[in-house]
Amino acid sequence: MSVKESLKDTGVRLSDATVSDFFALLKPRVMALAVFTAFVGLMVAPGAMNPVIAVIAIGAIAVGAGAAGALNMWYDADIDALMSRTSKRPVPSGRVTAREALGFGLVLSALSVMTLGVLVGWLAASLLAFTIFFYVVIYTMWLKRSTPQNIVIGGAAGALPPMTGWAAATGAIGIESLILFLIIFLWTPPHFWALALFKAGDYAAAGIPMMPNVAGQASTRRQIFAYSLLLAPIGMLPWAFGFTSGVYGIVSAALGAGFIWHAWKALVIPDKEMKPAKALFAYSIFYLFAIFAVLLADTIAMRAFMSAGG
């Protein structure tokens, strides 16, 4: 008799979940975005940071982002089971129990916040704790199921990582980190509403009041276009405020123009044609990674130039 069978006879249950199942609970794609933007926020912040402390900071932010994802999957298991996009997630598929997901998320939340606070700084830790709370309690438990503005307000959670990275490096919140927050905050509605346009059936089946299901596709497309018009100039603010070079200004303007172009195509194409919405969704992911990557590269290049000049 195996150890597992022996424990089962005593009433002790060992999880059947694999490491990959628990990793999937972390929402690795969402976690990667949070880690990358936090890393950029940390790197573009002024001053030098001990490399070991920087690695600890990014690691703690990554774990915190994953913890929020696990708690989201725990609470949303009922509606995840109703949507084709999420039905194979660990909890609704039965590979991980709800209790396991809850415990996993809570332990990782406490571990990440305490590690960041003790080893890096309590302002950054407070921002991380607030991010987890906002995503799980405000967005997942309240907004997501109650209002079509869920993504608009809830987008604040996804916009906080660069501020957390900045705070980890500086111990403060600067205008620069607020601009990075604003870029992601305004990017979130058109990004998710583009997805909601071609996944409206899923959201309707789960009873989630996403914008296309409540206001209709035409209104959603108009709002996507309006947000793209706001996002494009906001994406250029790091250059306008003087903490990047003209190279970033040009590239961010081009990226913003591309966003507007894709949003325009989604606006004018008939409702039943989903190719423009899918193209916009794909471009929105590229846009955010690209604009933060250019910001990082521009900052590194400017510092290298100033160092060589000095």
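Source: prediction; values computed, not measured.

Scoring rules and cut-offs
Residues numbered from 1 in each chain as written. Predicted model: local features only at pLDDT ≥ 70, side-chain atom pairs only at ≥ 80, totals over all residues. Heavy atoms only, no water. Axes fitted to C-alpha atoms, helices over the stretch in contact; angles between N-to-C directions. Helix = DSSP H or I, 4+ residues; strand = E, 2+ residues; numbered from the N terminus. Parallel < 35°, antiparallel > 145°, perpendicular 65-115°, else oblique. Contact = heavy atoms within 4.5 Å. Nonpolar A, V, L, I, M, F, W, Y, C, P; charged D, E, K, R; others polar. Buried < 20%, exposed > 50% of the residue type's maximum accessible area, 1.4 Å probe, protein only. Polar contact = N/O pair within 3.5 Å; in protein donor to acceptor, adjacent residues only side chain to side chain. Salt bridge = Lys/Arg side-chain N within 4 Å of Asp/Glu carboxyl O. Phe/Tyr/Trp six-rings, centres within 6.5 Å; stacked < 30°, edge-to-face > 60°. Lys NZ or Arg CZ within 6 Å of the ring centre and 35° of its normal.

Engineer: Help me get a handle on the packing of helix α13 (residues 217–234) against helix α15 (residues 246–268), residues and values and all.
Structural biologist: At their nearest, the axes of α13 and α15 sit 9 Å apart, and the two run at 170° to each other. As far as their axial angle goes, α15 and α13 are roughly antiparallel. Facing α13, whose interface residues are R221, R222, I224, F225, S228, L229, L231 and A232, α15 presents G256, F259, I260, A263, W264, A266 and L267. Classifying every residue of the contact of α13 with α15 gives eleven nonpolar, two polar and two charged.

Engineer: Lay out the side chain of R89 with the relevant residues and their values.
Structural biologist: Within the secondary structure layout, R89 lies in the loop between α5 (77–80) and α6 (98–119). Among the residues examined, R89 registers a relative accessible area of 17% and is labelled buried. Engagement of the side chain of R89 in a polar contact is seen with the side chain of D80, the distance being 3.2 Å.

Engineer: Let's hear about the pattern of salt bridges: which residues, and what values?
Structural biologist: Throughout the structure, instances matching the rule amount to five salt bridges. The shortest N-O distance in the salt bridge between R95 and D21 comes to 2.6 Å. Residue R95 is located in the loop between α5 and α6, and its partner D21 is located in helix α2 (residues 19–25); the two are separated by 74 residues in the primary sequence. D80 serves as the salt-bridge partner of R89, at 3.2 Å between the closest nitrogen and oxygen. Across the pair, D80 and R89 agree in class, each one buried. The network of salt bridges with common partners includes D76, D78, K144 and R145.

Engineer: I'd like a description of helix α8 (residues 150–159), backed by residues and values.
Structural biologist: Residues spaced three or four apart along an α-helix point in a common direction, a consequence of the helix completing one turn every 3.6 residues. Within α8, eight of the ten residues are buried, which leaves the element mostly enclosed by the surrounding structure. Here α8 has its buried residues at N150, I151, V152, G154, G155, A156, A157 and A159. On its buried face, α8 sits against α7 (122–146), α9 (161–170), α10 (175–198) and α13.

Engineer: So what about the packing of aromatic side chains? Which residues, and what values?
Structural biologist: All chains considered together, the criterion is met by twelve aromatic pairs. On the basis of an interplanar angle of 80° and a centroid distance of 5.3 Å, the ring pair of F259 and Y287 is categorised as edge-to-face. Here the residue F259 occupies a position in helix α15, and Y287 occupies one in helix α16 (residues 275–309), the gap between them amounting to 28 residues. Residue classification places F259 among the buried positions, given a relative accessible area of 1%. Three or more aromatic residues joined by ring pairs make a cluster, and in this case those are F259, Y283, F286 and Y287. A cation sits over an aromatic face here: K278 above F198, 5.7 Å from the ring centre.

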